[in-house]
Amino acid sequence: MLWIKNVHLLDPTQGISGSGSLLVKDGRIAKLVKPGEELRTEEALAVFGAKAEEMIQQVDGGGNYLFPGLIDVHVHLREPGQEAKEEINSGSRAAVRGGFTSILAMANTRPVIDHRALVEYVRLQGERAGKARIYPVAAVTKGLEGRELTEMVELKAAGAVAFSDDGRAIQSAELFRLALEYAKLTGCPVISHCEDESLAGQGVMRKGPTSARLGLRGIPASAESVMVARDVLLAGETGGKLHIAHVSTKESVAIIRAAKAAGVDLSAEVNPHHLLFSDEDVRLTETIYKVNPPLPSKADQEALLAGLLDGTIDMLATDHAPHTWDEKARPFDEAPFGINALETALAAVWQELVIKRKVKPEKVIELWAVNPARRFGLAGGTLKEGAPADLVLFDPEWRERITPDTLESKTQNTPFLGKELQGFPVMVWVGGKLVVNRRKVQD
Amino acid sequence: MKAVVPDAQPRKGRGDNEVFGEGENRDLLPPGVKGCRLSMIEGKGEDSPMHWRHKDLLDLDTLTVAEIETILQTAGAMKEVLIRPLEKLPALRGKSVALMFYENSTRTRSSFENAAKILGAQVTNFAVAQSSVNKGESLLDTARTLQAMKIDLVVIRHAASGAAEFLAKHLEAGVINGGDGQHAHPTQALLDCFTLKEHLGGFRGKKIVIVGDILHSRVARSNVIALTKLGAEVMLAGPPTLLPAEMKALGVQTTYDLESALPGADAVMALRLQLERQRSGLLPSLREYSRLYMLTTERLARTGKKTFVLHPGPLNRGVEIASELADSACSLIEEQVTNGVAVRMALINLMLGGAGYALDQECTPA
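Predicted model only: the values in this text are computed from it and were never measured. (Residues numbered from 1 in each chain as written. Chains lettered and ligands numbered in written order. Predicted model: local features only at pLDDT ≥ 70, side-chain atom pairs only at ≥ 80, totals over all residues. Heavy atoms only, no water.)

Caption draft 1: Molecular detail of the domain arrangement of chain B. All names here are of chain B. Segmentation of chain B into domains returns domain 1 (17-184 + 339-359) and domain 2 (186-330). Every contact between the two is made by 33 residues of domain 1 and, on the other side, 24 residues of domain 2. In total, about 2,300 Å² of surface goes out of reach between domain 1 and domain 2, with carbon and sulfur atoms giving 64% of it. The largest per-residue losses of area from domain 1 upon contact with domain 2 belong to L60, L72 and Q182, which jointly make up 29% of the total buried on that side. Linking domain 1 with domain 2 are 10 residue pairs in polar contact (both at pLDDT 80 or more), by the criterion used here. Ranked by the residues each element gives to the side of domain 1 that touches domain 2, the list is headed by helix α2 (residues 65-82), at 8 residues. In the side of domain 1 that touches domain 2, the residues fall into 14 nonpolar, 10 polar and 9 charged. (Domains from an automatic or database assignment. Contact = heavy atoms within 4.5 Å. Buried area = accessible area lost by both parts, 1.4 Å probe. Polar contact = N/O pair within 3.5 Å; in protein donor to acceptor, adjacent residues only side chain to side chain. Helix = DSSP H or I, 4+ residues; strand = E, 2+ residues; numbered from the N terminus. Nonpolar A, V, L, I, M, F, W, Y, C, P; charged D, E, K, R; others polar.)

Caption draft 2: Quick peek at the state of the cysteines. A full pass over the atoms with the stated rule returns 0 disulfides over all chains. The thiol sulfur of A:C188 is not disulfide-bonded, and the nearest other cysteine sulfur, from A:C194, lies at 19 Å. (Disulfide = S-S within 2.5 Å.)

Caption draft 3: Quick peek at the interface of chain A and chain B. Contacts between the two partners involve 20 residues from chain A and, on the opposite side, 21 residues from chain B. Overall, the association of chain A and chain B removes approximately 1,600 Å² of surface from exposure, summing both partners, and the carbon and sulfur fraction of that is 61%. Applying the counting criterion to the chain A and chain B interface returns 1 salt bridge. In this structure, the salt-bridge partner of A:K207 is B:E246, at a minimum N-O distance of 2.9 Å. The class makeup of the residues in the side of chain A that touches chain B is 9 nonpolar, 4 polar and 7 charged. (Salt bridge = Lys/Arg side-chain N within 4 Å of Asp/Glu carboxyl O.)

Caption draft 4: Up close: the side chain of B:T303. All names here are of chain B. Within the fold, T303 resides in the loop between α11 (297-300) and β10 (308-310). The class of T303 is buried, set by a relative accessible area of 5%. At 3.0 Å, the side chain of T303 forms a polar contact with the backbone oxygen of L300. Filtering out sequence-adjacent residues up to four positions away, T303 remains in contact with L262, P263, G264 and A265. (Buried < 20%, exposed > 50% of the residue type's maximum accessible area, 1.4 Å probe, protein only.)

Caption draft 5: Quick look at the environment of A:P272. Structurally, the position occupied by A:P272 is in helix α10 (residues 272-276). What A:P272 contacts, discounting residues up to four positions off in sequence, is A:A317, A:T318, A:A345, A:V349 and A:W368.

Caption draft 6: Fine view of helix α10 (residues 286-293) of chain B. All names here are of chain B. Of the residues making up α10, those classed as buried are Y289, S290 and Y293. One face of α10 carries all of its buried residues, which in axial projection span an arc of 95°. Away from its buried face, by an angle of more than 90 degrees, α10 presents the exposed residues R287 and R291. Buried residues along α10 sit in contact with β6 (207-211), α8 (258-261) and α11. (Arc of directions from axis to C-beta.)

Caption draft 7: Up close: the nonpolar core. In terms of nonpolar packing, the biggest core is built from 103 residues, with A:F67, A:I244, A:L275 and A:W368 touching the most fellow members. Here the element with the most residues in this core is helix α13 (residues 345-354) of chain A; it accounts for 8 residues. The residues that make up this core include at least three from each of domain 1 (2-66 + 386-441) and domain 2 (69-376) of chain A. Sequence-distant contacts of A:W368, defined by excluding residues within four places in its chain, comprise A:L70, A:I71, A:D72, A:F100, A:P272, A:L316, A:A317, A:T318, A:A345, A:L346 and A:V349. Grouped together as the second largest cluster of nonpolar side chains are 68 residues, B:L60, B:F101, B:I214 and B:M269 included. (Core = buried A, V, L, I, M, F, W, Y, C linked by side-chain atoms within 4.5 Å.)

Caption draft 8: Main features of the domain arrangement of chain A. Residue and element names in this part refer to chain A. The domains assigned to chain A are domain 1 (2-66 + 386-441) and domain 2 (69-376). Note on domain 1 versus domain 2: buried area summed over both sides is about 3,500 Å², and carbon and sulfur give 62% of it. Counting every contact that joins domain 1 to domain 2 gives 4 salt bridges. Of the charged contacts in the structure, one is a salt bridge between E87 and K410, with a shortest N-O distance of 2.8 Å. Linking domain 1 to domain 2 there are 22 residue pairs in polar contact (both at pLDDT 80 or more). Of all elements in the fold, only β16 (391-401), β17 (420-430) and β18 (433-437) reach the threshold of two or more residues within the side of domain 1 that touches domain 2. With 9 residues, the top contributor of residues to the side of domain 1 that touches domain 2 is β17.

Caption draft 9: Inspection of the sheet that holds strand β6 (residues 70-75) of chain A at higher detail. All names here are of chain A. Across the sheet, which stays open at both edges, the 8 strands sit in the order β6-β7-β8-β9-β10-β13-β14-β15 with parallel pairing between neighbours. Whereas interior strands pair on both sides, the edge strands pair on one side only; in this sheet they are β6 and β15 (315-316). The pairing of strand β9 (residues 162-164) with strand β10 (residues 190-192) spans 2 bridges and is parallel. Opposite S164, over in β10, you have I191 as the bridge partner. Of the strands in this sheet, β7 (100-105) and β8 (133-138) are in contact with helix α2 (residues 88-97), which crosses β7 at around 140°. (Pairing = 2+ DSSP bridges. Axes fitted to C-alpha atoms, helices over the stretch in contact; angles between N-to-C directions.)

Below is the structure:
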């Protein structure tokens with residue numbers, strides 16, 4: 001029995017933005033006291049079926065935001081196989097510390113998540129960790145080899161909520177077409193990592209003036225966009241359910257906008273780092289900026305933000321890709337792609353987009369909780385009564401320096417390391433259970 | 001400054017371990033110092049023209065025009081030393097230089113090796129093919145090993161752009177970039193500038209055309225930076241697949257039409273074409289490439305003036321340069337090799353010159 005008082009409620013699903021309070025019972029939202037409404041203690045006791053006020057745990061939110069826990073549809077947890085980078089436990093802790101109460105774990109582990117036992121392993125490890133809800137994404141093709149489809153129906157039964165070969169793109173158009181067809185048996189979206197490998201070649205950053213100057217091999221924007229075009233055409237033709245991961249080019253945004261207008265069953269995400277860093281930030285030895293898709297041009301960033309605001313892009317997602325310091329401490333060509341993001345992404349978006357008035361707070365919740373829940377058929381993403389009590393109390397003034405000893409993730413490959421960010425979750429509940437208190441993950 | 005080079009080949013025996021190898025002449029004292037133009041310079045402070053402020057030489061972006069001129073001037077004096085039959089110079093006795101060549105390059109490696117040995121430094125060649133490097137040791141661990149060995153200067157060549165800068169970040173020792181990926185090859189550009197200066201006198205109002213595989217060329221990138229800093233006009237020519245639009249970011253004119261670029265050119269530099277470019281689909285054939293971009297005597301006549309020809313080597317004769325042109329009087333290709341040693345001597349001496357030795361340009365040969 002929990003009563004969170006004195007908060008600014010944010011819930012786009014009910015059009016709520018204002019002060020109120022919220023009651024939690026049995027892991028679910030029992031009562032939402034909306035702006036302008038009052039709830040007397042006796043009424044609260046009645047909601048809980050409690051006899052005395054002392055039986056109710058009361059939290060003073062201090063006027064901070066209370067919104068539905070964020071849902072990140074693109075996370076690499078590395079377990080099984082690469083536990084030096086991350087584990088399901090550490091990733092789950094990092095997630096809640098960053099404000100994410102549900103995350104989708106990508107299938108490109110070692111071994112690849114392409115069998116029922118592996119899907120169940122990821123799900124159970126998530127339950128054992130007991131922090132964020134871990135939803136497995138299963139592979140589209142066995143071993144991510146792009147040759148044979150996985151047993152999608154069985155994988156869904158084991159707990160998979162989507163299918164993706166993320167990390168690699170399925171180069172055969174015919175196989176991807178078949179994947180969209182077959183996935184209809186599950187109702188789950190196919191998540192496409194759009195990258196034409198022949199165009200991407202051995203590239204390590206976006207092809208353009210900076211790659212020319214640095215002598216780093218370039219990946220043309222078309223390496224992504226031609227694949228986005230292919231995939232939306234196939235989704236349109238098959239009627240399959242498609243989600244485009246990490247959109248990073250203005251051409252991709254235009255293609256997605258046109259396809260949505262044509263009625264294709266399509267959603268898309270953008271990663272915060274593609275909004276906040278551009279190819280101009282890349283330095284010859286700063287592998288922290290080596291990420292796939294590569295950091296885009298300034299013009300792409302404008303198109304991505306416009307796409308987010310007009311609904312072309314449905315959601316934000318971190319593409320949390322942890323790597324060890326040793327792996328990143330290599331020449332640019334040799335370092336792995338990826339940015340560690342779970343614990344910094346929300347604060348970075350808050351500081352750079354919300355405080356600077358480019359995006360409204362409600363929009364962030366829509367993009368990072370409401371829309372992911374709807375698209376992937378997950379509980380949460382709302383403060384409606386009866387919904388799971390996955391909640392974030394967010395202090396927009398909280399400033400914090402990002403340091404290795406504060407991060408819950410096993411690795412620190414974030415461009416914000418050593419820098420200060422503003423706007424952090426101070427308390428987080430998953431299913432009514434307090435998992436973060438005053439920025440500390442609860443054991 | 002103008003030097004006559006009777007025999008463009010480096011002096012016989014130099015770099016040959018039997019004559020100049022480690023150990024044998026290591027303890028050779030300044031031999032009285034016959035013909036040597038190096039002497040102690042006392043009390044040179046921070047403002048001395050010989051004081052070199054850079055720990056590393058990674059690219060030419062960070063060098064001022066004055067610093068480039070200092071290197072070229074020092075190289076002039078070094079060349080004097082080089083073309084005289086001298087014993088090893090004691091300038092850098094007790095200093096150690098490590099050569100780490102992750103890419104095969106006999107020419108550049110032996111040029112650095114000669115330069116360091118002539119100056120009296122102890123040279124360690126890390127034979128990359130047989131060393132721990134091929135056993136998967138990371139560049140970072142290699143850097144730590146070098147650090148532990150108290151090496152004074154490391155020359156690195158590596159296939160990855162930024163590898164030299166990476167090493168420099170993790171080493172107290174100085175690092176010279178001997179070529180990193182497609183990024184930079186500063187000593188090549190400096191020796192090209194030195195060679196051009198000897199023959200053109202200066203750079204103001206001079207036009208230099210660089211032709212070939214610009215996209216993959218660290219030589220082209222470094223030369224564009226050096227030559228434009230020194231005041232020359234640079235034009236890049238090559239097929240669109242090897243000269244994509246973003247190369248305009250280098251800030252010089254580009255063209256696909258070599259012949260239209262040639263009029264007025266004081267020098268033309270042909271780049272080595274990696275023969276595997278054809279396999280990667282960047283070129284239909286070497287035949288068509290050479291028809292469009294090979295430097296020939298007839299084509300060079302389009303400049304309408306006396307024009308020098310350069311090439312970083314090794315040559316693909318009949319692909320990027322016609323054989324008879326490479327061997328003609330206007331070819332500076334062999335001189336580039338000699339100058340390469342002089343420029344590298346100059347750099348190594350400037351970078352390791354903290355011991356108090358520097359060139360005494362007033363000194364006349366004994």
